[in-house]
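Residues per chain, in single letters:
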Amino acid sequence: MGTPLDDVVTINAAGSFTRAEERAYMMGVCPECGAHQFVVVAHTRSTSQIWARCVNCNLAMAINNGVASPSQKPLRVPSGLPSEESELWGEIRECLGVGAYTAAVMLCRKLLMHIAVAHGLPAKDGKDRAPNFAQCVDHLVSEGVVTKRMEPWIERIREVGNEANHEIAPVGEESALDVATFTQKLLELAYEMDETMARTQPAQ
Ligand SMILES: [Zn+2]
């Protein structure tokens, strides 16, 4: 039996595309840099498998039956993040991208606590104990990093995150995205605004 026609791989480097040929390009969102256009390097005739490359950062991607790998990371990277925050936020987005929602929420809680300490909360109290989640939240509120209007959201991160820490109740996609969206807002308020201000400060 020969190769089914649908499985024949077309490689565009070896062939030629006319300017109007749409299959040479692909739209999407690059998981690495967020750019929207890809060059299709090769595809099967049925396009059930596509090999593509981001035109901006050159990331190589494989798409099997519509599922891209590496996967898309939801949300965005606020500017001005210190390296530890940036690394952890990257990991959270990666968890979300592969459906590891419970892990994502636990990391969001961890990040929130880290931000509180980075914004002046002592890392250890008089009894050499690290602050708990509630103390971290209170600190962020009293420092004004979290605004009054964000408090209902804080309650949600508290509830969802608690479950993740004490039970094995898995967190669903919606709750995880909720918590992560809040965390992104927090990163914007805690770091991005200052960075933007510094960048746009008129020269003295
Ligand atoms: Zn890219």
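My aim in this report is to walk through the structure given alongside it, one point at a time. In every chain, residue numbers begin from 1 and rise along the written sequence. For this predicted model, a pLDDT threshold of at least 70 governs which residues receive local features, and a threshold of 80 or more governs which side-chain atom pairs are given and counted, while totals over whole chains, interfaces and linings are taken from all residues. Water and hydrogen atoms play no part in the side-chain values, which are based on all heavy atoms of the structure.

### So, helix α2 (residues 101-118)
And step 1. The terminal C-alpha atoms of α2, which comprises 18 residues, lie 25 Å apart, in line with the 26 Å expected from a rise of 1.5 Å per residue.
And step 2. Along α2, the residues classified as buried are Tyr101, Ala104, Val105, Leu107, Cys108, Arg109, Leu111, Leu112, Ile115 and Ala116.
And step 3. Runs of H or I in DSSP of at least four residues are treated as helices and runs of E of at least two as strands, each being numbered from the N terminus. Positive backbone phi, approximately 95°, marks Gly120, located one or two places after α2. Take the residue count of a helix, subtract one, and multiply by 1.5 Å to get its expected span. To sort residues, take the accessible area from a 1.4 Å probe on protein chains only and compare it with the maximum for the residue type: under 20% means buried, over 50% means exposed, and anything in between is partly exposed.

### A few points about the coordination of the zinc ion
And step 1. Metal sites are built from N, O and S donor atoms within 2.8 Å, or 3.2 Å for Na, K and Ca, and they leave out water, so they may look incomplete. Surrounding the zinc ion are the protein donor atoms Cys30 (SG), Cys33 (SG), Cys54 (SG) and Cys57 (SG), which sit 2.3 Å from the metal.
And step 2. Sequence positions of the donors to the zinc ion reduce to the motif C-x2-C-x20-C-x2-C. Within this pair, whereas Cys33 is found in the loop between β2 (25-27) and β3 (37-44), its partner Cys57 is found in the loop between β4 (49-54) and β5 (60-64), the two being separated by 24 residues in sequence.
And step 3. Cys33 gets classed as partly exposed once you look at its relative accessible area, which sits at 32%.
And step 4. When its relative accessible area of 31% is taken as the criterion, Cys57 is described as partly exposed.

### Thoughts on the pattern of salt bridges
And step 1. Each reported salt bridge corresponds to a side-chain nitrogen of Lys or Arg within 4 Å of a carboxyl oxygen of Asp or Glu. In total, this model carries 6 salt bridges according to the counting rule given.
And step 2. For Lys185, the salt bridge identified is with Glu188, shortest N-O distance 3.6 Å. With a gap of 3 residues between them, Lys185 and Glu188 both fall in helix α5 (residues 173-200), about one helical turn apart.
And step 3. For Lys185, a relative accessible area of 34% translates into the label partly exposed.

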